[in-house]
Amino acid sequence: MSGIQRIALVLTIIGAINWGLIGFFQFDLVASIFGGQDAGMARIVYGLVGIAGLINLGLLFKPSPEISREPETKPTH
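Each value, and the rule that gives it
- Residues numbered from 1 in each chain as written.
- Predicted model: local features only at pLDDT ≥ 70, side-chain atom pairs only at ≥ 80, totals over all residues.
- Heavy atoms only, no water.
- Core = buried A, V, L, I, M, F, W, Y, C linked by side-chain atoms within 4.5 Å.
- Buried < 20%, exposed > 50% of the residue type's maximum accessible area, 1.4 Å probe, protein only.
- Helix = DSSP H or I, 4+ residues; strand = E, 2+ residues; numbered from the N terminus.
- Contact = heavy atoms within 4.5 Å.
- Patch = residues over 30% accessible without salt bridge, like charges linked within 9 Å, V, L, I, M, F, W, Y side chains within 5 Å.
- Areas by Shrake-Rupley, 256 points an atom, 1.4 Å probe, with all protein chains shown as cover.
- Salt bridge = Lys/Arg side-chain N within 4 Å of Asp/Glu carboxyl O.
- Expected span 1.5 Å × (residues − 1).
- Arc of directions from axis to C-beta.

Undergrad: Break down the nonpolar core for me, citing the residues and quoting the values.
TA: Listed in full, the five residues of the largest apolar core are Val 30, Ala 39, Ala 42, Val 45 and Val 49. Here the element with the most residues in this core is helix α3 (residues 40–61); it accounts for three residues. In this view, Val 45 contacts Val 30 and Phe 34; residues no more than four positions away in its chain are not counted.

Structure representation (structure tokens):
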């Protein structure tokens, strides 16, 4: 996993936690930290989380090494 994918994964997790807080407690952590949903920094964070989700979408379709690996053949004597 590349560095960009790791950063995207962290941002996606932050977004998921924020959505969980909104869904369960009606509390938007990003908005409360950065001064409301219309604040410039909050909009930047929301945008970065959205881009991170798109980057992680690529991971969904990336072939797994366990699946794409050819079965090992043992030499016959």
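Resuming the write-up.
Undergrad: Outline a nonpolar patch on the surface, supporting the account with residue identities and numerical values.
TA: Together, Ile 4, Phe 24, Phe 25, Phe 27, Leu 29, Ile 33, Phe 34, Met 41, Ile 44, Leu 48, Ile 51 and Ile 55 make up a nonpolar patch on the protein surface, roughly 1,200 Å² of accessible area in all. Going through the elements one at a time, α1 (3–25), α2 (29–34) and α3 are the ones with two or more residues in the nonpolar patch. Counting residues per element, the nonpolar patch draws most heavily on α3, which supplies five residues. If you trace the backbone, Leu 48 turns up in helix α3.

Undergrad: How would you sum up α3? Please name residues and give values.
TA: With 22 residues, α3 should reach 32 Å at 1.5 Å per residue; the first-to-last C-alpha distance of 33 Å fits that figure. Here α3 has its buried residues at Ala 42, Val 45, Val 49, Ala 52 and Asn 56. Seen along its axis, α3 keeps its buried residues to an arc of 80°; they face one direction. Turned more than 90 degrees away from the buried face of α3 sit Arg 43, Leu 54 and Phe 61, all of them exposed. On its buried face, α3 is in contact with α1 and α2.

Undergrad: Tell me about the environment of Arg 43, residues and numbers included.
TA: Relative to the helices and strands, Arg 43 resides in helix α3. Look at Arg 43 and you get exposed, because its relative accessible area is 57%. When sequence neighbours within four positions are dropped, the list of residues in contact with Arg 43 reads Gln 37 and Asp 38.

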